[in-house]
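Coordinate analysis (summary)
Spelled out from the first residue to the last, the chains are:
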Amino acid sequence: MALITDATTAWSTPITLTADEVWQTRDGSVFVTTTVSPAANDGIALHENHAVRFSAGASVSYRKEGAAAALIVREAV
């Protein structure tokens, strides 16, 4: 399990997945997207304990929503 604790309100550098993964927000709210050049309002909103599954080969970017800290967990499936 990998933890992402550095989410800011700007989109992250894309992470290319080598396996299918589930991404879950454990604290706070985040947006995740596979869009190459995401706009500020792109992506899927994940709130605390919500999750989404991405396929291997996807390039995923993330950003937090609001001022509160966010914690994302990545788990290969």
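Cut-offs used in this document
- Residues numbered from 1 in each chain as written.
- Predicted model: local features only at pLDDT ≥ 70, side-chain atom pairs only at ≥ 80, totals over all residues.
- Heavy atoms only, no water.
- Helix = DSSP H or I, 4+ residues; strand = E, 2+ residues; numbered from the N terminus.
- Buried < 20%, exposed > 50% of the residue type's maximum accessible area, 1.4 Å probe, protein only.
- Contact = heavy atoms within 4.5 Å.
- Areas by Shrake-Rupley, 256 points an atom, 1.4 Å probe, with all protein chains shown as cover.
- Lys, Arg positive; Asp, Glu negative; His and termini not counted.
- Charge placed at Lys NZ, Arg CZ, Asp CG, Glu CD.

Another point: the overall build of the chain. Per the secondary structure count, the chain includes 0 helices and 8 strands. Put simply, the chain runs from its N terminus to its C terminus through helices and strands in the order β-β-β-β-β-β-β-β. Principal-axis analysis of the C-alpha atoms places the extent of the chain at approximately 30 × 25 × 15 Å. Per-residue burial for the chain yields a buried fraction of 35% across its 77 residues. Residue pairs in contact within the chain that sit at least 24 positions apart in sequence constitute 75% of those at least 6 positions apart. Summing over all exposed atoms, the chain offers an accessible surface of approximately 4300 Å²; the carbon and sulfur share of this is 52%. Taking the average location of the 5 positive side-chain charges in the chain and that of its 8 negative ones, the two points are 1 Å from each other.

Limitation: the analysis is restricted to geometry and does not speak to function.
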